[in-house]
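Single-letter residue listing:
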Amino acid sequence: MVAILVAQGIVFAIWAFVAFRALFRLFALLRYRSGEAIPGIATSLSAPRVFLTDHAFRKDRRWLGLMTLLMFLISAVFAARH
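Residues numbered from 1 in each chain as written. Predicted model: local features only at pLDDT ≥ 70, side-chain atom pairs only at ≥ 80, totals over all residues. Heavy atoms only, no water.

Attention now moves to the pattern of salt bridges. Within the structure shown, the criterion is met by three salt bridges. For the salt bridge of Arg25 with Asp60, the shortest nitrogen-to-oxygen distance reads 2.3 Å. Of the two residues, Arg25 is situated in helix 1 (residues 2-34) and Asp60 in helix 4 (residues 58-81); the sequence distance between them amounts to 35 residues. Note that Arg33 and Asp54 form a salt bridge whose closest N and O atoms lie 3.0 Å from each other. Here the residue Arg33 occupies a position in helix 1, and Asp54 occupies one in the loop between helix 3 (47-53) and helix 4, the gap between them amounting to 21 residues. Ionic contacts of the salt-bridge type, sharing partners, join the residues Arg21, Arg25 and Asp60 into one network. (Salt bridge = Lys/Arg side-chain N within 4 Å of Asp/Glu carboxyl O. Helix = DSSP H or I, 4+ residues; strand = E, 2+ residues; numbered from the N terminus.)

Structure follows, in structure tokens:
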């Protein structure tokens, strides 16, 4: 039981790292595209589309999807054993 919780904690830490890394990379890209230190509302509203379609975020999307599925799987195993 403890091993499942430790595994879940490790997977969550990886998920959080990938999510924040992608967020900071996305913010940097939007700053570059807008030419401003803080992108405006129109640029910010395009962020989800950029993240979901831009080739630069392909690896991030895959890792986030994989880690999310792994967290759900570990949670289901924990719930089944508890």
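This part covers the packing of aromatic side chains. Taken as a whole, this structure holds three aromatic pairs when the rule is applied. Taking the centre distance of 5.8 Å and the plane angle of 25° together, the rings of Phe12 and Trp15 count as stacked. In this pair, Phe12 and Trp15 are both assigned in helix 1, three residues apart and thus about one turn of the helix distant. An angle of 35° between the planes, with centres 6.3 Å apart, marks the rings of Phe20 and Phe24 as tilted. Here Phe24 and Phe20 lie together in helix 1, a separation of four residues that amounts to about one turn. The class of Phe24 is exposed, set by a relative accessible area of 57%. (Phe/Tyr/Trp six-rings, centres within 6.5 Å; stacked < 30°, edge-to-face > 60°. Buried < 20%, exposed > 50% of the residue type's maximum accessible area, 1.4 Å probe, protein only.)

None of the figures reported here should be taken as evidence of function without further support.
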